[in-house]
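# Residue-level structural notes
Given next are the chains, with one letter for each unit.
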Amino acid sequence: MAGGRLHGFEDNGGGLFPNSGIGFLWNPQDEGYHPGGLFASVGQMGMGSGIGIGISPNSTETGLKLPYLNLRKGWLLLKKKKKGGLRLKIKIGNPSLRRLISGAIAGAVSRTSVAPLETIRTHLMVGSCGHSTGEVFQDIMKTEGWKGLFRGNLVNVIRVAPSKAIELFAYDTVKKHLTPKPGEQPKLPIPASPIAGAIAGISSTLCTYPLELLKTRLTVQRGVYKNLLDAFVKIVQEEGPAELYRGLTPSLIGVVPYAATNYFAYDSLRKAYKKFSNQEDIGNVATLLIGSAAGAISSTATFPLEVARKHMQAGALNGRQYENLLHAVVSILEQEGMAGLYKGLWPSCMKIVPAAGISFMCYEACKRILVEKEDDSS
C-alpha cells in the first residue's frame, strides 16, 4: 500500500479504546491525501484528546506544514532539505519558553558529554584521591570502575538543565532590553553582553546553588551518602539548612566575572566571525569553536575563585575548614603556593572548553528548531 495513511478518529465507546477519545484508523485511499511527506496532528476529539500520526513514502514536496498540530499557538513543520533529509521546525509563540527549553537541552547535553572530566577535576581541586589527572583516573577506575566517572552526573544534569535554562533566558532577556534599537543612543557606556552575562550568572546561581553543593558532596565524599535525597536530609539534619548555601559568596563572586567574560567573549567572537566571513548565519562547527574559545578565556581568568569555592564546599574533608573566601585563598597560598590556585586548570579547561562549545552549539541549534514566527522556517 503505497499511499496509506493513519488517522486519529473520535471513539465514543465502541472502538479500540472505549471512552478515551483516541483511536487509530488505517485508510489507504483518503480524499485530500497528499502523496508524500510526514504529518502529525494533535487535537480535540470527542470528550478526550485525539492523536494522529501519518507517514507516506516518496515525498516530492520541499516542505509540508502540519496545521493539525495546534497546541494553542504552536505548529510543527517538517521541511525537506536541498541536500536530502528533513529539517524540523517547531513554532513556540512564547519567546521566553523557547529560550528556557533551548537552554535546558543545551545544559543537559553539554554536561553529560563531559561528566568524566568534571569528576576528575573536582577530585583534583580538593586532593581527595590523587594529585594528577592520571592518578585520579586510576584511583576511580580501581575503586569504582566506569560508573565512578559518572558519579553525581544525574544530579549534575538536574542542576545544570534548569540552571542553564535560567541563565540563557536571563541573558537574552536582559541583553534585549539593554541593546539599543537602530537609531537609538546606547543605554550604557559599555557593551550589553557582559552586564547581561553577569546578571544571568547570578540569577541561575541563586536558584540552583544547593544542587551544586549536593553534587560536590556526592562526588567527593564517596560512601557517605546513598543518593541525592539522602545527602540533602543528612546535611540539613547534621549541619543545618544554611550548609546548603556554604560557599555561596565566593560562588557569586566567581560567577560574575566568569559569566560576564564568557558571554562578552562569545558575543564579540560571533560579531568578529560575521564581519570577517561576510556571513550572517553561523554554522554549528563555527559556533562550537567560538563557544569553546569563550569558555577557555573565562575559565582561565576566574579559575582561582573556583578552586576556593570547591575547597569551601568540601567542608571538613581532609581536615580543612575555611571561614571565608579570603581565608581559603590565603590558606591555599600558604600550603601550596600560587600553583595551588591553579591546580586542576588543565582538566578544568578540558571539561569547560568543550562543554561551553557544546552548550552554545546546542542552544543555537535549538533556537533554529524552536522558531518564534512562521517566517523563521524559511
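In this text, all values refer to a predicted model and were calculated from it rather than measured experimentally. (Residues numbered from 1 in each chain as written. Predicted model: local features only at pLDDT ≥ 70, side-chain atom pairs only at ≥ 80, totals over all residues. Heavy atoms only, no water.)

## As for the nonpolar core
Core analysis: the biggest nonpolar cluster contains 19 residues, and Y171, Y263 and Y266 have the highest contact counts within it. Going through the elements one at a time, α5 (153–178), α6 (192–220), α8 (248–277), α9 (284–313) and α12 (345–369) are the ones with two or more residues in this core. Beyond its immediate chain neighbours, meaning those up to four positions away, Y263 contacts K164, E167, L168, Y171, S193, G197 and F360. (Core = buried A, V, L, I, M, F, W, Y, C linked by side-chain atoms within 4.5 Å. Buried < 20%, exposed > 50% of the residue type's maximum accessible area, 1.4 Å probe, protein only. Helix = DSSP H or I, 4+ residues; strand = E, 2+ residues; numbered from the N terminus. Contact = heavy atoms within 4.5 Å.)

## Notes on a nonpolar patch on the surface
Together, L97, I101, I105 and V109 give the surface a local cluster of nonpolar side chains, amounting to about 280 Å² of exposed area. Here I101 shows up in helix α1 (residues 95–113). (Patch = residues over 30% accessible without salt bridge, like charges linked within 9 Å, V, L, I, M, F, W, Y side chains within 5 Å. Areas by Shrake-Rupley, 256 points an atom, 1.4 Å probe, with all protein chains shown as cover. Salt bridge = Lys/Arg side-chain N within 4 Å of Asp/Glu carboxyl O.)

## Describing the packing of aromatic side chains
In this structure the tally under the stated criterion is six aromatic pairs. Aromatic side chains Y263 and F360 sit 5.9 Å apart centroid to centroid with 85° between the ring planes, which places their arrangement in the edge-to-face category. One end of the pair, Y263, is in helix α8; the other, F360, is in helix α12, with 97 residues separating them in the sequence. F360 shares its class with Y263; the two are buried. Between F303 and Y342, the aromatic rings sit 6.3 Å apart at their centres with planes inclined by 20°, giving stacked as the arrangement. In this pair, F303 sits in helix α9 while Y342 sits in the loop between α11 (338–341) and α12, placing the two residues 39 residues apart along the sequence. (Phe/Tyr/Trp six-rings, centres within 6.5 Å; stacked < 30°, edge-to-face > 60°.)

## Concerning empty space enclosed by the protein
Applying the stated criterion to the full structure yields three cavities of 30 Å³ or more. Quantified by volume, the largest cavity comes out at close to 710 Å³. R111, R159, V255, Y258 and R309 are, among the 34 residues lining the largest cavity, the residues nearest its centre. The set of elements that each furnish at least two residues to the lining of the largest cavity consists of α2 (115–126), α5, α6, α8, α9 and α12. The element contributing the most residues to the lining of the largest cavity is α9, with seven residues. Grouping the constituent residues of the lining of the largest cavity by class yields 11 nonpolar, 12 polar and 11 charged. (1 Å grid on protein atoms, 1.4 Å probe; cavity = no way out; pocket = protein on both sides within 12 Å on 5 of 7 lines; lining within 4 Å. Points joined across faces, edges and corners; volume = space filled by probe spheres on them. Nonpolar A, V, L, I, M, F, W, Y, C, P; charged D, E, K, R; others polar.)

## Notes on the side chain of S359
Mapped onto the elements of the fold, S359 is located in helix α12. By relative accessible area, which is 3% here, S359 ends up buried. Apart from residues no more than four positions distant in its own chain, S359 is found in contact with A106, S110 and K164.

## Let's talk about helix α10 (residues 325–336)
When the terminal C-alpha atoms of α10 are compared, their 16 Å separation across 12 residues agrees well with the 16 Å that a helix rising 1.5 Å per residue should span. Considered for burial, the residues of α10 that qualify are L325, A328, S331 and I332. All buried residues of α10 fall inside an arc of 130° around its axis, so they share one side. Pointing more than 90 degrees away from the buried face of α10 are the exposed residues L326 and E334. Close packing links the buried residues of α10 with α8, α9 and α11. Just downstream of α10 lies G337, where phi reads positive at about 80°. (Expected span 1.5 Å × (residues − 1). Arc of directions from axis to C-beta.)

## A few points about the confidence of the model for the chain
In this model, the chain carries a mean pLDDT of 74, and residues with pLDDT of at least 70 account for 72%. Confidence, read as mean pLDDT per element, is least for strand β2 (residues 24–26) in the chain (34) and greatest for α8 (90). Of the regions scoring below 50 in pLDDT, residues 1–74 engages in 133 contacts with residues more than four places distant in sequence or in other chains. (pLDDT = per-residue confidence, 0-100.)

## Some remarks on the pattern of salt bridges
Applying the stated criterion across every chain yields a total of 12 salt bridges. A salt bridge links D267 to K175; the shortest N-O distance between them is 2.8 Å. With D267 in helix α8 and K175 in helix α5, this pair connects stretches of sequence that are 92 residues apart. With a relative accessible area of 10%, D267 lands in the buried category. With a shortest N-O distance of 3.5 Å, E280 and K274 are connected by a salt bridge. Linked by salt bridges that have partners in common, R217, E239, E243 and R246 make up one network.

## What to know about α9
Between its first and last C-alpha, α9 extends only 36 Å over 30 residues, short of the 44 Å set by a 1.5 Å rise per residue. Roughly 60° is the biggest bend found in α9, and it falls at T302, with proline P304 one to four residues downstream. (Bend = angle between axes of the 7 residues up to and from the residue.)

## Considerations on unusual backbone geometry
Positioned with a positive phi, N278 is a non-glycine residue whose angle comes to about 55°. Tracing the sequence through the fold places N278 in the loop between α8 and α9. When its relative accessible area of 70% is taken as the criterion, N278 is described as exposed.

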